[in-house]
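Chain residues, written in single-letter form:
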Amino acid sequence: MIQRKVIVTIAPTGGMAHKAQSPHLPTQPHEIADDVQRCWNAGASVVALHARRPDDGATCNPDIYRDINTRIRAKGCDIVLNNSTGGGVHGDMVKPLPGGRWEIAWEERIQGMDAGAEMCTLDATTLNLSFDGREILMDTPLSKGRALAAGMKARGIKPEWEVFSPTHILQDVTTLIEEGHDDDGPHFINLVMNVHRAFQNAMPYSPRHLQMMVDTLPKNSLFCVSGIGPSQLEANVAALLLGGHARVGLEDNLYFRQGELATNVQLTERIVRIIRELGMEPATPAEARALLGLPRTGGARPAFAVD
């Protein structure tokens, strides 16, 4: 019997938590590259990268992304590189709006496409976020979603669609897919759950809510789940049982168990153990690329693509 291959994504940093919240959070290029190599050795096949400034502030500066990507490849690590175009909620990523509100800067987000990664996250959604007493707008009308999707296609980058509710799937993502912006291989969709206290209109995690999200996916889709905070482990197990893939890491969850801070390697090793206990096997990066339809055809070849 052939074992089902599961893509394990490690999200080591994110654009929200600070190192003051956990000494294990890698924020500088050398720290991130070292952690990614350890997680790759433990069974991760995709890495969802966020860049940080020297002061740990979030950024989509392509030079910093390129430094991270270069350091990872210099270690002989063939993990699939996925750079964020969402960025984060501090540092370079936010700018003030009239009335005391803030916005995640579009001109910063789009820079995430310019560092040679094979994949980039694509938030084709408009969200209102609440962090550190700030109300922050992520303004992504369909025109900006199209710009991101078209920019990725021209650069040979495969999008990872980020969704927070069924409407994001049924409206934004499906519209852009039907317009032909993601026609190379299956659509890879990350279902972000349990961030509803900070993201307006996001879905709390429950098995029933996850099933509803999965039921709305467009045809020819692969999915993974970002279970935020204490829902990470349960959401990943549920995703595996529904035929999906797993995402772990300190971007989504700082704790291994209640009161015990985690490392990225611990979280990777635990989900790999569970995958194998369920009779599945973590995909290698080469197997993940085959499942995802990488390299993408028709556009340019990303600098860090691997055959």
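A quick note: this is a predicted structure, and the numbers were derived from the prediction, not measured. (Residues numbered from 1 in each chain as written. Predicted model: local features only at pLDDT ≥ 70, side-chain atom pairs only at ≥ 80, totals over all residues. Heavy atoms only, no water.)

(A) Representation of the packing of helix α1 (residues 29-42) against helix α2 (residues 62-74) within the structure. Where α1 contacts α2, the two axes come as close as 9 Å, and the packing angle between them is 40°. The angle between α1 and α2 falls in the class oblique. Every pair of crossing elements has a handedness; the one defined by α1 and α2 is right-handed. Residues Pro-29, His-30, Ile-32, Ala-33 and Val-36 of α1 pack against Ile-64, Asp-67, Ile-68, Arg-71 and Ile-72 of α2. Residue classes in the contact of α1 with α2 are distributed as 7 nonpolar, 1 polar and 2 charged. (Axes fitted to C-alpha atoms, helices over the stretch in contact; angles between N-to-C directions. Helix = DSSP H or I, 4+ residues; strand = E, 2+ residues; numbered from the N terminus. Parallel < 35°, antiparallel > 145°, perpendicular 65-115°, else oblique. Left-handed = near helix turned anticlockwise from the far one by under 90°. Contact = heavy atoms within 4.5 Å. Nonpolar A, V, L, I, M, F, W, Y, C, P; charged D, E, K, R; others polar.)

(B) Layout of the pattern of salt bridges. Scanning the entire structure with this criterion turns up 23 salt bridges. Residue Glu-287 is joined to Lys-5 by a salt bridge in which the shortest nitrogen-to-oxygen separation is 3.4 Å. Here the residue Glu-287 occupies a position in helix α9 (residues 285-292), and Lys-5 occupies one in strand β1 (residues 5-6), the gap between them amounting to 282 residues. Taken together, the shared-partner salt bridges in this structure form one network comprising Arg-53, Asp-55 and Asp-92. (Salt bridge = Lys/Arg side-chain N within 4 Å of Asp/Glu carboxyl O.)

(C) Structural context of α1. Here α1 spans 20 Å end to end across 14 residues, near enough to the 20 Å set by a 1.5 Å rise per residue. Restricting attention to buried positions, one finds in α1 the residues Pro-29, Ile-32, Ala-33, Asp-35, Val-36, Cys-39 and Ala-42. Buried residues along α1 sit against β2 (8-10), β3 (46-49), α2 and α8 (264-277). Positioned one or two residues after α1, Gly-43 has a phi angle of 125°, which is positive. (Expected span 1.5 Å × (residues − 1). Buried < 20%, exposed > 50% of the residue type's maximum accessible area, 1.4 Å probe, protein only.)

(D) Seen up close, the sheet that holds strand β14 (residues 221-227). Around the barrel, which closes on itself, the 8 strands sit in the order β2-β3-β6-β9-β12-β13-β14-β15 with parallel pairing between neighbours. Taken over all neighbouring pairs, the strand axes of this sheet differ in orientation by 25° on average, direction set aside. Bridging between β3 and strand β6 (residues 80-83) involves 4 bridges; their strand directions are parallel. Note that in β6 the partner of Leu-49 across the bridge is Asn-83. Each of β12 (158-163), β13 (187-193) and β14 touches helix α6 (residues 207-215); the most contacted strand, β13, lies at about 155° to it. (Pairing = 2+ DSSP bridges.)

(E) Molecular detail of the packing of aromatic side chains. A complete count under the given rule lists 2 aromatic pairs for this structure. Ring centres 6.0 Å apart and planes at 85° place the aromatic pair Phe-131 and Phe-199 in the edge-to-face group. Residue Phe-131 is located in strand β10 (residues 127-131), and its partner Phe-199 is located in the loop between β13 and α6; the two are separated by 68 residues in the primary sequence. Judged by its relative accessible area of 18%, Phe-131 falls in the buried class. On the basis of relative accessible area, Phe-199 is assigned to the buried category, the value being 6%. Ring centres of Phe-164 and Phe-199 lie 5.2 Å apart, and the angle between their planes is 20°; on these two criteria the pair is classed as stacked. Of this pair, Phe-164 sits in the loop between β12 and α5 (166-178) while Phe-199 sits in the loop between β13 and α6; the two residues are 35 residues apart in sequence, bridging distant segments of the chain. The pair Phe-164 / Phe-199 is uniform in exposure class, with both members buried. (Phe/Tyr/Trp six-rings, centres within 6.5 Å; stacked < 30°, edge-to-face > 60°.)

(F) Highlighting the packing of helix α4 (residues 142-155) against α5. At a closest axis distance of 11 Å, the pairing of α4 and α5 adopts a crossing angle of 45°. Here α4 lies oblique to α5, going by the angle between them. In this structure, the crossing between α4 and α5 has a hand that is right-handed. Residues Leu-142, Gly-145 and Arg-146 of α4 lie in contact with α5, whose contacting residues are Asp-172, Thr-175 and Leu-176.

(G) Structural view of the sheet that holds strand β8 (residues 102-104). If you walk across this open sheet you meet the 4 strands as β7-β8-β11-β10, and the pairing is mixed. Edge positions in the sheet fall to β7 (94-96) and β10, since each has one partner strand and no second. The mean inter-strand angle of the sheet, taken between neighbouring strand axes irrespective of direction, is 30°. As judged from the 5 bridges shared by β10 and strand β11 (residues 134-138), these two strands associate in the antiparallel manner.

(H) Looking closely at the environment of Met-213. Structurally, the position occupied by Met-213 is in helix α6. On the accessibility criterion, Met-213 (0% relative accessible area) is buried. Counting along the chain gives 43 residues from Met-213 to Leu-170, while the straight-line C-alpha distance between them is 9.6 Å. Among all residues touching Met-213, those that are not within four sequence positions of it are Val-163, Phe-164, Ser-165, Pro-166, Ile-169, Leu-191, Met-193 and Met-203.

(I) Quick peek at the pairing of β14. Of all 7 residues that make up β14, 6 are buried, and the element is covered over most of its length. For β13 and β14, the ladder comprises 7 bridges, and the chain directions are parallel. From the neighbouring strand, Val-192 faces β14, where its bridge partner is Ser-226. Where the polypeptide runs from β13 across α6 and back to β14, its parallel neighbour, the crossover connection is right-handed. For β14 and strand β15 (residues 245-248), the ladder comprises 2 bridges, and the chain directions are parallel. In the strand pairing of β15, Val-225 is matched with Ala-246. Each parallel crossover has a hand, and for β14 linked through helix α7 (residues 232-241) to β15 it is right-handed. (Right-handed = clockwise from strand over helix to strand, strands pointing away.)

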